[in-house]
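What follows is the residue order along each chain.
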Amino acid sequence: MKFGCHVSIREGYLGAARQAATMNALAFQYFPKNPRSLSVKAFNQDDAALCKDFCKKNNLTSVAHTPYPTSLTPRDNRKRKEVMQSLVNDLEIANACGSIGVVVHFGKIISLDDPLASYRLMIDVLNEILRKWHGDSKILLENTGGKPGTMGTTLEELVQVRNLCEHPEQIGFCLDTCHAFASGLWDGDNWEAVLEKGQALNYFSHLKVIHFNNSKYNTGLGKDRHANIFDHGYITESQFDQLVQTPELKDIPFILETPKEEIPHQVEIRQLQERWGSQH
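Computed from a predicted model, the values in this text were never measured in an experiment. (Residues numbered from 1 in each chain as written. Predicted model: local features only at pLDDT ≥ 70, side-chain atom pairs only at ≥ 80, totals over all residues. Heavy atoms only, no water.)

1. Section: the layout of surface pockets
Within this model, the largest pocket holds a volume of roughly 660 Å³. Lining the largest pocket are 30 residues, and of these His6, Gln29, Phe31, Tyr68 and Glu257 sit closest to its centre. Residues that form the lining of the largest pocket fall into these classes: nine nonpolar, twelve polar and nine charged. Empty space within the second largest pocket amounts to approximately 390 Å³. In terms of lining, the second largest pocket is formed by 20 residues, of which the most central are His105, Phe106, Gly107, Lys108 and Thr144. Looking at the lining of the second largest pocket residue by residue, the classes come out as six nonpolar, eleven polar and three charged. (1 Å grid on protein atoms, 1.4 Å probe; cavity = no way out; pocket = protein on both sides within 12 Å on 5 of 7 lines; lining within 4 Å. Points joined across faces, edges and corners; volume = space filled by probe spheres on them. Nonpolar A, V, L, I, M, F, W, Y, C, P; charged D, E, K, R; others polar.)

Dropping the structure here:
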């Protein structure tokens, strides 16, 4: 399995890749720029190219994650322009680093009177971004951790938004295990049903990365609080077993977004590799 974690770009993109390698990771995630800003970054192309080359030589898979303020359902035209410029910038950086894509959170409800308004806006924003984008890195839509029935918590929504976009080939998916558990999509005991539904919807064909997190709260409560994988959350080791050992997921990177203050990521990656093996 390809296990990894989120790393800092404090030492640049090559530095992030080297940091992942020192942890014996086979994958890593990074913020392409300041995670709290939508400002467009004039990035170092040489550093990005060195990152790409290092990853190729060391069998490392990388993925970027959009800054926190990124929203595919912006509430006004000023925010919409900022989000689109920022996301194109993220895609450019990810592409230069050789990353598979940029993870972006699913949109939020903007109208209680018109349930479809948010989906229409999401599709419009994605279309406008992807008309300008012709690189290899994809936008990776992430499922949300809200209460059951809230926006972005079902495979049907994720797949349908992709299907309705003008350039679905530029869109993939990111499955967050804590979000899936929090929303009740995966309650720990229904992985077989989730897999069957995902296969029928053609979801897994476009799944590119997994955010591998336990949950501090029980399933279905809509509380997105990540916990370390072993003995720290409500998802048991045997429940994770079913997911990790799924043949459809064997080549997909599993990225930790767990509390590193409790268990350092290097230690947790080693625990994962000891439990489920690694690809070298």
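2. Here we look at the nonpolar core
What tends to happen in soluble globular proteins is that the nonpolar side chains get buried as a cluster. By size, the foremost hydrophobic cluster in this structure holds 77 residues, and its most contacted members are Phe28, Leu141, Phe212 and Trp276. Contacts of Leu141, omitting those with residues within four sequence positions, involve Leu72, Val104, Met122, Leu126, Leu158, Val161, Ile171, Gly172, Phe173 and Cys174. (Core = buried A, V, L, I, M, F, W, Y, C linked by side-chain atoms within 4.5 Å. Buried < 20%, exposed > 50% of the residue type's maximum accessible area, 1.4 Å probe, protein only. Contact = heavy atoms within 4.5 Å.)

3. As for the sheet that holds strand 7 (residues 207-212)
Sheet strands pair via backbone hydrogen bonds, and the direction of the pair is either parallel or antiparallel. Strands sit in the order 1-2-3-4-5-6-7-10 around a closed barrel of eight strands; the barrel is parallel. Across the sheet, the axes of successive neighbouring strands diverge by a mean angle of 30°, strand direction being ignored. Across four bridges, the pairing between strand 2 (residues 27-30) and strand 3 (residues 61-65) is parallel. When the sheet's bridge partners are listed, Phe28 is paired in strand 3 with Ser62. Against the sheet, helix 4 (residues 117-131) engages strand 5 (138-142) and strand 6 (171-176), with an angle of about 160° to strand 5. (Pairing = 2+ DSSP bridges. Helix = DSSP H or I, 4+ residues; strand = E, 2+ residues; numbered from the N terminus. Axes fitted to C-alpha atoms, helices over the stretch in contact; angles between N-to-C directions.)

4. Some details on the packing of helix 5 (residues 155-164) against helix 7 (residues 191-201)
Running from N to C, helix 5 and helix 7 point in directions that differ by 15°, and their axes come no closer than 10 Å. By the angle between their axes, helix 5 is roughly parallel relative to helix 7. Here helix 5 and helix 7 pass one another in a crossing that is right-handed. Contacts from Leu155, Glu156 and Val159 in helix 5 reach Val194, Lys197, Gly198 and Leu201 in helix 7. Within the contact of helix 5 with helix 7, the residues separate by chemical class into four nonpolar, one polar and two charged. (Parallel < 35°, antiparallel > 145°, perpendicular 65-115°, else oblique. Left-handed = near helix turned anticlockwise from the far one by under 90°.)

5. Concerning helix 1 (residues 12-22)
Those residues of helix 1 lying buried are Gly12, Tyr13, Leu14, Gly15, Ala16, Ala17 and Ala20. Where helix 1 ends, the next residue or the one after it, Asn24, has phi of about 65°, a positive value.

6. As for the packing of aromatic side chains
A full pass over the atoms with the stated rule returns 17 aromatic pairs. Geometrically, the ring pair formed by Trp186 and Trp191 is edge-to-face, given 6.0 Å between the ring centres and 75° between the ring planes. You can call Trp186 buried: its relative accessible area is 2%. Look at Phe230 and Trp276: their rings are 5.5 Å apart centre to centre, the planes differ by 25°, and that puts the pair in the stacked class. With Phe230 in the loop between strand 9 (226-227) and helix 8 (237-244) and Trp276 in helix 9 (residues 265-276), this residue pair connects regions lying 46 residues apart in the sequence. Comparing Phe230 with Trp276 shows no difference in burial state: the two are buried. (Phe/Tyr/Trp six-rings, centres within 6.5 Å; stacked < 30°, edge-to-face > 60°.)

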